[in-house]
Amino acid sequence: MTTTYLLSRIAVMALVTYLIRMLPFVLVRGKIENRFVRSFLYYIPYTVLAAMVLPDMLFATSYVWSALVGLVVAAVLALWGKKLITVALCACGSVYVAELILGLFL
Amino acid sequence: MKRGIRDGIPIFLGYLSVSFSFGIAAVGKALPVWSVILTSLTNVTSAGQLAGVSLIAIFAGVGELALTQLIINIRYALMSLSLSQHVDRSMTTGNRLICAFFMTDEIFALCRAQEKPVSNRYMMGVGLISVLGWGLGTTLGALAGGILPPSVCIALNPALYAMFIALVLPQAKKERAVLWVASISAGLHCVVRLAPVLRELSSGFALILCAVAAACVGAWLFPKKEA
């Protein structure tokens, strides 16, 4: 694998990916008026986020049970209105502890 | 900028662990370390990069490489379109050219879920800290692959997911429609990812398919008066 080969292929990947991201962001300047489209664009982040959490989160740790602990801790703190970083760190901490405890029995 | 960096810390932590495994995988395909790091810093995608380095490793054609990136990453076009409706006036054309580079699933969702339209500085803050995590994780993975204990990596994994939960649930509590669309999307995704045949779909495609379907249901059943 020569340097030229690698550089050219990485450039192709980067260019295609950048154009996909850049064109709609730069070209669409005005407000979209269609109500269905506006509602769709409003809901899309929530549906993307929800689908990223489930089912993937359950398989992201050593055990499903420790992932469930993290999920419950995150959900409770989120509903309680805690900051993003607090929710994230507490979930990591609780999963770490849960894995230590589960590791003793499994 | 500061607020963006602070809100981006969960993404930083999550990216650290995800890109760490990418670094290990890519070096395992016999690519030199520098090219793996360069790939991460210029692409900032997960599924796209992994598919890309796999193709590079087997000397696949440029057309196939470009087409694969297009298919896996086309979802970002939709996200860019959505976020174009939720930025303030500081987002000039020049700033859009730069910020577009940061349009990942996570950064998009964080910015779009902000109550007020996002500013250039906020998105730059989120983007910079996230790319830092992505590059750093890749570098560590590429250099130190099998040496670090996996428990360190696993302990970081929940960061991203917890952040996603923290973005969805408070809004779902306020707005019944958000609870519905989020539940439909997650439920659909579980089915698509776990059911036979359907689980053969590429993960990026499965994700966007479910998200689009659920958002369509939402737009149809609960159209927003002023979205």
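Everything numeric in this text was worked out from a predicted model, so none of it was measured.

Conventions we followed
- Residues numbered from 1 in each chain as written.
- Chains lettered and ligands numbered in written order.
- Predicted model: local features only at pLDDT ≥ 70, side-chain atom pairs only at ≥ 80, totals over all residues.
- Heavy atoms only, no water.
- pLDDT = per-residue confidence, 0-100.
- Helix = DSSP H or I, 4+ residues; strand = E, 2+ residues; numbered from the N terminus.
- Buried < 20%, exposed > 50% of the residue type's maximum accessible area, 1.4 Å probe, protein only.
- Salt bridge = Lys/Arg side-chain N within 4 Å of Asp/Glu carboxyl O.
- Domains from an automatic or database assignment.
- Contact = heavy atoms within 4.5 Å.
- Buried area = accessible area lost by both parts, 1.4 Å probe.
- Axes fitted to C-alpha atoms, helices over the stretch in contact; angles between N-to-C directions.
- Parallel < 35°, antiparallel > 145°, perpendicular 65-115°, else oblique.
- Left-handed = near helix turned anticlockwise from the far one by under 90°.
- Expected span 1.5 Å × (residues − 1).
- Arc of directions from axis to C-beta.
- Polar contact = N/O pair within 3.5 Å; in protein donor to acceptor, adjacent residues only side chain to side chain.
- 1 Å grid on protein atoms, 1.4 Å probe; cavity = no way out; pocket = protein on both sides within 12 Å on 5 of 7 lines; lining within 4 Å.
- Points joined across faces, edges and corners; volume = space filled by probe spheres on them.
- Nonpolar A, V, L, I, M, F, W, Y, C, P; charged D, E, K, R; others polar.
- Disulfide = S-S within 2.5 Å.

Novice: Would you take a moment to explain the confidence of the model for chain A for this structure?
Specialist: Close reading of the predicted structure is inappropriate where its pLDDT is low. Chain-level statistics for chain A give a pLDDT mean of 90 and a share of 100% at 70 or above. Of all helices and strands in chain A, the one with the weakest mean pLDDT is helix H2 (residues 35-53) of chain A (87), whereas helix H1 (residues 3-27) of chain A scores best (96).

Novice: Just to check I follow, could you spell out the environment of alanine 91 of chain A for this structure?
Specialist: All names here are of chain A. Its place among the elements puts alanine 91 in helix H4 (residues 84-105). For alanine 91, a relative accessible area of 0% corresponds to the buried category. Considered as a pair, alanine 91 and serine 39 are 52 residues apart in the sequence and their alpha carbons are 32 Å apart.

Novice: How should I be thinking about the pattern of salt bridges in this particular structure?
Specialist: Once the charged atoms of two side chains with opposite charge are near each other, the side chains can pair. Residues and elements named next belong to chain B. In this structure the tally under the stated criterion is four salt bridges over all chains. The partner of arginine 6 in a salt bridge is aspartate 7, and the shortest N-O contact between them spans 3.7 Å. By relative accessible area, aspartate 7 is classed as buried at 11%. The salt bridge partner of aspartate 105 is arginine 75, with a shortest N-O separation of 2.9 Å. Linking aspartate 105 in helix H7 (residues 105-112) with arginine 75 in helix H5 (residues 75-84), this pair joins segments that are 30 residues apart in sequence.

Novice: Explain the domain arrangement of chain B to me, please; I cannot follow it from the model alone.
Specialist: Interface extent is often summarised as the accessible area lost during association of the parts. Residues and elements named next belong to chain B. According to the domain assignment, chain B contains domain 1 (2-163) and domain 2 (175-227). Relative to domain 2, the C-alpha centre of domain 1 lies at a distance of 22 Å. On the side of domain 2, four residues touch domain 1, which itself brings four residues to the contact. Of the roughly 380 Å² buried between domain 1 and domain 2 on both sides combined, carbon and sulfur atoms contribute 83%. Applying the counting criterion to the domain 1 and domain 2 interface returns zero salt bridges.

Novice: Help me understand the packing of H2 of chain A against H7 of chain B in this model?
Specialist: The axes of two packed helices give the description: the angle between them and the distance between them. Here H2 of chain A crosses H7 of chain B at 130°, and the two axes come no closer than 9 Å. Between H2 of chain A and H7 of chain B, the interaxial angle falls into the category oblique. Once H2 of chain A is placed against H7 of chain B, the crossing between them reads as left-handed. Residues Leu41, Tyr42, Ile44, Pro45, Leu49 and Met52 of chain A of H2 of chain A touch H7 of chain B, and the partners they reach there are Asp105, Glu106, Phe108, Ala109 and Arg112 of chain B.

Novice: It is not clear to me how helix H4 (residues 62-73) of chain B should be interpreted in this structure. Could you clarify?
Specialist: Note that an α-helix has 3.6 residues per turn; residues three or four places apart therefore point the same way. With twelve residues, H4 of chain B should reach 16 Å at 1.5 Å per residue; the first-to-last C-alpha distance of 16 Å fits that figure. All of the buried residues along H4 of chain B are Leu65, Thr68, Gln69, Ile72 and Asn73 of chain B. The buried side chains of H4 of chain B occupy one side of the element, clustering within an arc of 105° when seen end-on. Check the buried side of H4 of chain B and you find it contacts H1 of chain A together with helix H2 (33-43), helix H3 (47-57) and H5 of chain B.

Novice: Which parts of the structure should I look at to understand the interface of chain B and chain A?
Specialist: Contact with chain B, which involves 105 residues of that partner, is made by 66 residues of chain A. Counting each side, the surface lost to burial between chain B and chain A is near 7,600 Å², with a carbon and sulfur contribution of 75%. If you sort the residues of chain B by the area they bury against chain A, Gln85, Arg96 and Tyr161 of chain B come out on top, with a joint share of 8%. Inspection of the chain B/chain A interface yields one salt bridge. Residues arginine 193 of chain B and aspartate 56 of chain A are paired through a salt bridge, measuring 3.3 Å at the closest nitrogen-oxygen approach. At the junction of chain B with chain A, the criterion picks out 29 residue pairs in polar contact (both at pLDDT 80 or more).

Novice: How do you make sense of the layout of surface pockets when you look at a structure like this?
Specialist: Summary: where empty space remains is shown by rolling a probe the size of a single water molecule over the atoms. When its volume is computed, the second largest pocket comes out at roughly 770 Å³. Elements with a minimum of two residues in the lining of the second largest pocket: H2 of chain A together with helix H1 (2-28) and helix H10 (158-174) of chain B. The biggest single contributor to the lining of the second largest pocket is H10 of chain B, with five residues. Residue composition of the lining of the second largest pocket, by class: eleven nonpolar, five polar and ten charged.

Novice: I keep staring at the state of the cysteines and nothing clicks. Help me out?
Specialist: One covalent bond between the sulfur atoms of two cysteine residues makes up a disulfide. All names here are of chain B. Throughout the structure, instances matching the rule amount to zero disulfides over all chains. Take cysteine 190: it sits in no disulfide, and the sulfur closest to it among the cysteines is that of cysteine 210, at 9.0 Å. Taking the relative accessible area as the measure of exposure, cysteine 210 reaches 1% and is therefore buried.

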